[in-house]
Every structure is written in C-alpha cells, then in structure tokens.
Amino acid sequence: MNEENILEVKDLHVDIHMTEGLLTAVRGVNFEMKKGETLGLVGESGCGKSLTCKAILGINDKKCVPSGQILFDSEGLGRVDLLSLDQKGQEIRSIRGKEISMIFQEPMVAFSPMYTIGNQINEATRLHITKDKKKSREISMEVMRKVGIANVEKRYHQYPHEFSGGMLQRALIAMALVCNPKMLIADEPTTALDVTIQAQILELMKSLQKDFNMAILFITHDLGVVAKMCDRVAVMYLGKIVESADASEIYANPQHPYTRGLIGSVHKIGSKKEERLFSIEGTVPLAMNLPKACGFYDRCDARIEGLCDKAEPDLVEVAPGHKIACFNCPHEACRAQRAEVEAVLKGEAIPKKEEGGKA
Amino acid sequence: MNKDNILEVKGLHKRFTSKGVTVKAVTDVSFNVKPGETIGIVGESGCGKTTLGRCIVRAYNASEGQVFYRTKAGEEVDFLKVDKKKMKEIRKEIQMIFQDPYSSLDPRMTVLDIIKEPLKANFPKMPKAEMDQKAKAMAEKVGLNPMYLMRYPHAFSGGQRQRIGIARALVIEPQIIVCDEAVSALDVSIQAQVINLLRDLQKELNLTYLFISHDLSVVEHISDKVGVMYLGRMVEFAPAEELFEKPMHPYTEALLSAVPVADPTIQMERIPLKGEIPNPANPPSGCYFHERCHYCIDKCKTDSPALTEMPDGRLCACHRAKELALRGFAYEADAKKEGC
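Residues numbered from 1 in each chain as written. Chains lettered and ligands numbered in written order. Predicted model: local features only at pLDDT ≥ 70, side-chain atom pairs only at ≥ 80, totals over all residues.

**Examining the overall build of chain B**
Thought 1: Check the secondary structure of chain B and you find 10 helices and 12 strands.
Thought 2: Along the first, second and third principal axes, the C-alpha atoms of chain B reach 65 × 50 × 40 Å.
Thought 3: Counting only residues that meet the buried cut, chain B has 46% of its 340 residues in that class.
Thought 4: The contacts of chain B with a sequence gap of at least 6 include a subset with a gap of at least 24, amounting to 63%. (Helix = DSSP H or I, 4+ residues; strand = E, 2+ residues; numbered from the N terminus. Buried ≥ 20, exposed ≤ 12 C-beta atoms within 10 Å, placed from the backbone. Contact = placed C-beta atoms within 7 Å.)

**Side note on the interface of chain A and chain B**
The accessible area lost on association of the parts is a frequent measure of interface size.
Thought 1: Taken together, the contact between chain A and chain B spans 37 residues of the former and 40 residues of the latter.
Thought 2: Among the secondary structure elements, those contributing two or more residues to the side of chain A that touches chain B are helix 8 (195-212), helix 9 (223-229), helix 10 (247-252) and helix 11 (257-264) of chain A.
Thought 3: Counting residues per element, the side of chain A that touches chain B draws most heavily on helix 9 of chain A, which supplies five residues.
Thought 4: Among the residues making up the side of chain A that touches chain B, the classes are represented as 14 nonpolar, 15 polar and eight charged. (Nonpolar A, V, L, I, M, F, W, Y, C, P; charged D, E, K, R; others polar.)

**Looking at the sheet that holds strand 1 (residues 5-18) of chain A**
All names here are of chain A.
Thought 1: Pairing in this open sheet of four strands is antiparallel, and the strands run 2-1-4-5 from one edge to the other. With one partner strand each, in any of the chains shown, strand 2 (21-34) and strand 5 (78-81) form the two edges of the open sheet. Between one strand axis and the next, the sheet turns by 10° as a mean value, whatever way the strands run. (Pairing = 2+ DSSP bridges. Axes fitted to C-alpha atoms, helices over the stretch in contact; angles between N-to-C directions.)

**Points about the pairing of strand 5 of chain A**
All names here are of chain A.
Thought 1: Examined bridge by bridge, strand 4 (residues 64-74) and strand 5 share four bridges and lie antiparallel to one another. What sits directly across from Ser 74, in strand 5, is Gly 78.
Thought 2: Taking the residues that link successive antiparallel strands as the turn, the strand 4-strand 5 hairpin has three residues.

**Notes on the nonpolar core**
Thought 1: By size, the foremost hydrophobic cluster in this structure holds 200 residues, and its most contacted members are Ala171(A), Ala174(A), Leu217(A), Val235(A), Ala167(B) and Leu210(B).
Thought 2: Broken down by element, this core gets its largest block of residues, nine residues, from helix 7 (residues 165-177) of chain A.
Thought 3: Among all residues touching Val235(A), those that are not within four sequence positions of it are Val42(A), Gly43(A), Ile241(A), Val242(A), Glu243(A), His256(A), Tyr258(A), Thr259(A) and Leu262(A). (Core = buried A, V, L, I, M, F, W, Y, C linked by C-beta atoms within 7 Å.)

**Let's talk about the confidence of the model for chain B**
All names here are of chain B.
Thought 1: Per-residue pLDDT for chain B averages 88, and the proportion of residues at 70 or more is 97%.
Thought 2: Averaged over each element, pLDDT in chain B is lowest for helix 2 (residues 84-91) (86) and highest for strand 3 (residues 38-42) (95).
Thought 3: The ipTM for the predicted assembly is 0.81, set against a pTM of 0.86. (pLDDT = per-residue confidence, 0-100.)

**Notes on the sheet that holds strand 9 (residues 225-230) of chain B**
Residue and element names in this part refer to chain B.
Thought 1: Spatially, the eight strands line up as an open sheet ordered 6-7-8-3-9-10-12-11, and their pairing is mixed. A strand with exactly one partner marks an edge of an open sheet, and here the two such strands are strand 6 (94-97) and strand 11 (308-309).
Thought 2: Note that strand 7 (residues 176-180) and strand 8 (residues 208-212) share five bridges and pair parallel. Paired with Ile 177 across the two strands is Tyr 209, which belongs to strand 8.

**Considering the pairing of strand 1 of chain A**
Residues and elements named next belong to chain A.
Thought 1: Where strand 1 meets strand 2, 11 bridges bridge the pair, whose relative direction is antiparallel. By the bridge assignment for strand 2, Val 14 is matched with Val 26.
Thought 2: Bridge analysis of strand 1 against strand 4 gives eight bridges, and the strand direction is antiparallel. Along strand 4, the bridge assignment pairs Asp 15 with Val 65.

**Remarks on the environment of Val142(B)**
Residue and element names in this part refer to chain B.
Thought 1: The topology assignment puts Val 142 in the loop between helix 4 (128-141) and helix 5 (158-170).
Thought 2: Judged by the 23 C-beta atoms lying within 10 Å of it, Val 142 is buried.
Thought 3: For the pair formed by Val 142 and Arg 163, sequence separation is 21 residues and the distance between their alpha carbons is 6.0 Å.
Thought 4: What Val 142 contacts, discounting residues up to four positions off in sequence, is Arg 163, Ile 166, Ala 167 and Leu 197.

**Describing helix 4 (residues 117-128) of chain A**
Thought 1: With 12 residues, helix 4 of chain A should reach 16 Å at 1.5 Å per residue; the first-to-last C-alpha distance of 18 Å fits that figure.
Thought 2: On its buried side, helix 4 of chain A packs onto helix 5 (133-146), helix 6 (152-155) and helix 7 of chain A. (Expected span 1.5 Å × (residues − 1).)

Here it is as structure tokens:
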C-alpha cells in the first residue's frame with residue numbers, strides 16, 4: 001500500500017443473492033484515495049456506487065456479499081483490510097463512525113424522530129471519545145457550532161422535526177465529524193436540498209475538509225456538484241469504473257463514450273443552445289447473467305462489432321492519472337490492449353489472465 | 001384577454017387554512033402565455049410553484065383571481081368561474097405530467113389501460129376499437145414498443161414510465177401540459193431522452209408547456225420564458241436568456257449564483273443569502289425578501305413591490321430593479337437562440 005494513500009480498494013465485487021439468481025452489482029472496482037483529497041464517484045442509479053461505499057463501512061445488507069480487498073490506513077490498527085474484519089466485531093466498530101464516517105442522502109430519514117438532535121450526535125461522542133456526560137456534551141455542541149448551527153444551547157435539545165432540511169443536513173455533518181474522522185463518505189449529501197442550501201452545505205464541507213484534513217469520497221450523480229467539489233473523478237457504469245481522472249481533465253477531455261455521453265447530456269447554462277440534448281440511447285441493463293462483453297456495448301456509439309461484444313476492456317492508464325476502460329480509443333495503451341485481446345479472440349495467443357485485476 | 005395569448009393568469013391567490021392558521025401558498029401571481037411557448041417556473045421548495053401549477057389545471061380551486069383560457073374552439077373562458085359541465089370540457093385541453101413516475105401510475109392497470117383512461121373518462125361514447133387504436137398510436141409516438149402495452153408498470157424502467165405518463169397526458173390531444181418536475185426523478189442520460197421527447201412533441205403537436213422545476217439548467221434549456229417564485233410570489237418573469245444573463249431581482253441573482261455548473265473551469269462566486277426562507281404562515285412585512293436581501297432599503301421593509309413591467313418588457317417585483325445591475329451567467333457570444 002502506498003504511503004500517501006488512506007484507502008485502496010482492490011478488485012471489489014459485491015454479489016447480491018436474489019431469488020431470481022445472482023446479481024453482481026459491483027464487478028471488480030479498483031481505486032485509491034490520497035489523504036485529504038476529494039474523490040467523486042459518479043454514475044447513474046444502479047451502477048453500484050452506493051454499494052461500494054457500504055462495503056467500505058461494512059454496513060451492507062445481509063444479502064450483499066462483498067469480496068476483494070479494501071485496505072485502510074487506520075490509526076489504531078495500522079494497515080488493515082476492512083473486508084477481512086468481522087463485520088460485527090470490535091475492530092470494525094472502532095473504525096466505523098470514528099475513523100471513517102458517512103453522511104447519508106436524506107437528512108429527514110437519517111435521524112430518528114424519537115430522540116433529540118443533541119442526543120443523537122452525542123451517541124458517537126460517548127461511544128468513541130469519552131464516557132463523561134458533561135464533556136461529551138461540550139464536544140458535541142462545539143461541533144454543532146462549527147457546522148454553522150446557530151443558538152446551539154437551544155438547538156441541542158430540539159427534535160429533528162423542528163429543524164429545516166438544510167439545518168438537519170448540517171446536524172448530520174456534525175454527527176459525522178464529531179469524532180474527527182480521517183475519511184468521510186458522503187452519499188449524495190445534497191441531492192434532497194434546494195440549490196441555495198446545497199451551495200451552503202458544499203462550501204461548509206469544503207472548509208471543514210481543510211480544518212479536519214479529511215479525505216472525502218463524494219458520491220453523486222450531479223455533474224455540477226462534482227465540478228465544484230472534487231479533485232478526482234471516477235465514473236462508474238454497471239458495477240465497474242470506466243474512467244477515472246482529475247476533475248478538470250475529465251470535463252475538458254472525456255475519453256470513454258459513456259463519460260462523453262454523460263457530460264454531453266447536461267445542458268450548461270450560458271452555452272450554445274442545441275435544439276436537442278445529446279442523449280445516450282437505451283437504458284442500463286440489469287446486472288444479472290451478464291455476457292462477457294463491455295457493459296456499455298448496447299448503448300455505445302463507438303462500439304466495435306466482434307470485439308466489444310466478445311471481451312471486456314480493462315482499465316488502462318492513457319495519461320498520468322487518467323485511466324479508461326475502452327477498446328475504441330486512440331491512445332497507445334488502449335490500442336495495445338485491443339491488439340492483445342483481438343489476438344486472443346482469434347486464438348493466436350494464449351489468454352494471460354481470465355479476469356482483469358490490473359490496478 | 002389578448003388575442004395572442006392562450007392563457008392569462010391574473011392576480012391568482014391560493015390560501016390554505018388549517019387549525020386556524022392561514023398559509024398563503026400563492027400570492028398575487030400574474031403572467032401571460034402564448035400558444036406553443038414553454039414557460040419555466042423555478043423556485044425553492046415551498047415557494048408555491050406546484051400549487052400554482054395545480055391551480056392552473058384546477059386541481060385546486062384558487063382563492064382569488066382569474067385564469068383566462070382560450071379553448072380550441074376559440075372561446076375565452078375564465079375557468080375559475082365556469083360550472084362543472086364546462087370545466088369537464090376544458091379539462092380535456094389541459095393535462096398534467098407528474099413528478100414521480102413510480103407512484104403516478106396505477107400498478108394494477110396495464111399500460112394500455114393507463115393510456116386509455118383519459119379517453120374513457122372524457123369520451124365515454126368513443127368505440128373501444130378507436131380508443132385502443134389511439135392509445136397505441138400515442139404509445140408509439142412517445143417511443144414505447146406497442147408489443148409491451150399489455151404489461152404492467154412495474155415491468156418498465158423510470159424513463160419508460162415517464163413516457164407512459166406523457167402518453168397518458170397527450171392521448172386526448174390537449175393544448176396545455178403542466179409538467180410538474182417531470183424529469184427530476186430521472187437519471188441524467190434518461191433525463192436528456194425525455195427532454196428531447198418533450199421538445200419533439202411540442203413541435204409536432206404545437207403544445208404549450210408550463211414547466212415547473214427546481215433544476216435551473218433544465219429550465220434554461222427548455223423554456224422560452226421563465227418565472228421565478230419566492231414565498232408564493234412571482235418576483236421575476238422574463239425571457240429565459242435575458243433572465244439568466246442579466247437577472248433583475250436580487251433573489252434571482254442569488255439563486256443563479258448557487259447553481260453548480262458542470263465545468264470546473266467556471267467557479268462562480270456565490271452570493272450568500274442571510275438566514276432561511278421565512279415561514280409562509282407568517283411572512284415578513286413589506287417585500288417578502290427584504291430580510292435576506294443585500295440591496296434592501298427602508299422602503300422595502302414597509303412596501304410590498306408589485307410585479308411591474310420594466311421598460312424592456314420584462315416583469316420584476318423589486319423597488320430597485322431599475323437601478324441595480326445584477327450578475328448572471330456569462331453567455332458565449334453565439335449562445336443565444338435565434339428567433340425561436
């Protein structure tokens with residue numbers, strides 16, 4: 001594991017056992033996160049971005065079985081593979097909520113309506129920092145002040161229904177940050193909020209990231225939010241990362257046909273108005289009994305018949321920090337992969353490896 | 001009523017009373033719509049945009065005001081005053097597309113039945129075969145495979161369900177469609193498909209859209225004119241490009257500055273708003289926005305500004321609209337629509 005990295009996800013799979021059969025929702029995801037950076041995980045619903053995050057924290061549903069490796073640079077335990085830990089054991093509990101915490105999508109649902117806000121924030125403090133009631137309350141209130149909740153003495157004793165959506169999201173952030181985590185997973189934290197509140201929350205997260213020196217794994221489908229928040233972006237499609245690069249690079253120079261389509265289908269205010277938006281035809285297929293082909297084959301406008309429907313491209317690096325998984329790409333690394341795969345398909349070469357596990 | 005307009009909303013109010021508390025959901029909203037136009041209505045949650053849409057289809061009865069509508073036959077009616085029988089006729093011409101494609105379709109009806117339902121309700125005497133044929137033709141038009149019409153909604157994806165909702169609204173050949181957050185629940189790539197479909201249908205059938213949404217980039221793309229609402233009032237109403245390039249109301253300016261743009265090279269400086277949206281049951285005195293406004297003067301605290309016409313024909317409800325130079329989006333030189 002690299003010194004700079006706080007998290008390395010290696011060949012992560014998540015299988016869901018359903019009555020209809022086995023659904024592989026995450027199919028070999030590899031990425032790493034540096035300390036203090038923001039990585040955006042972008043994709044449409046059902047592409048496996050939420051399951052990837054839940055696998056990191058070990059809070060997946062019973063039906064979902066993760067496999068692979070998730071290496072985390074923990075303070076208490078050193079380098080540890082989170083998946084190898086007992087998901088209900090003491091060790092993961094010392095990481096979950098303390099070193100890695102999570103902000104959920106809907107602040108209205110994430111809080112219990114039966115307890116006061118202060119009580120719920122305090123839960124994490126008492127569990128991880130101090131058992132002392134007075135001290136833990138002070139710590140909780142301090143964090144509430146930090147996230148911009150006014151009149152904390154009164155707010156601490158209020159119930160979730162007395163908070164507005166934006167304030168609740170602030171409280172949720174306070175709850176996530178109270179133990180000073182090294183890594184924060186934010187699963188669509190602003191999707192349920194209005195644009196003006198969204199802008200406030202995003203700015204708050206940015207400034208808190210500096211204060212706490214956190215790495216943020218930011219999950220969203222909103223490309224505007226990604227542009228504002230993220231240092232690096234990984235685009236997921238059908239359980240795989242199809243492209244990853246620096247944020248500025250991915251907007252200026254998207255390489256994978258899916259990324260191009262995704263960016264093209266969002267209208268930018270102030271840009272030339274096309275009569276029609278660019279749209280990707282068709283819909284995301286169900287990740288069950290997938291053929292051995294590129295997952296995007298059916299919807300792709302740059303597919304190569306006889307190649308893309310027979311083999312699946314691996315993620316290869318085309319420029320420093322820019323990786324894509326596509327056969328039809330003019331870069332040398334992609335062409336090399338294509339030649340190799342074509343040779344295998346013709347039966348001229350022996351397949352090196354069955355499944356792609358290249359990082 | 002002006003000859004060119006298909007719809008004129010004048011001084012529309014809607015109040016809800018519960019437990020002795022009156023909430024003014026919509027206060028004094030007026031605007032005009034020409035046939036074939038798309039009017040975007042934007043604003044934050046709770047600003048009354050959905051209530052306004054529902055008043056216009058008369059799902060709610062407005063508390064006060066007038067909504068003039070020109071029927072297909074060319075007749076002018078104030079449909080807040082018409083009787084039930086007449087209203088039934090008018091309903092055929094104004095339809096609605098709903099936000100959530102999952103809850104707005106009856107799970108126990110086949111898709112064909114869902115699309116046929118408005119025909120059954122409005123043209124009970126129509127022969128069954130004709131109904132089937134009309135429904136099938138409409139399904140094809142919105143891009144649904146006619147083979148799948150005997151299936152139930154659960155078998156369809158979100159984008160396809162929204163197509164079903166669109167087919168249902170269009171099958172009785174309405175003039176006006178109220179789209180209440182019609183694409184908000186869809187994924188980005190599917191959103192683009194549905195927006196393209198709505199535009200194609202508009203051209204083909206000469207439809208008028210009232211497009212209610214909180215997504216400003218979608219509204220900018222699809223609308224000819226945009227109305228901005230705040231706390232039940234319409235604060236600004238103007239052609240889309242003008243409004244986005246040069247907003248006149250301070251609230252519009254703040255709203256635009258908060259929109260995340262899908263381009264990391266554009267980093268707009270956000271204009272922070274003080275405080276939160278006030279409680280609509282107890283709105284502030286004077287201009288509803290004055291407590292949060294950076295340009296507030298003494299007059300704003302006492303006098304409520306009316307939506308007035310500016311020299312260039314735009315509407316704005318602000319005492320200082322003429323003197324303020326507010327910041328909007330920088331448009332590329334050739335970005336404006338030509339004669340559209």
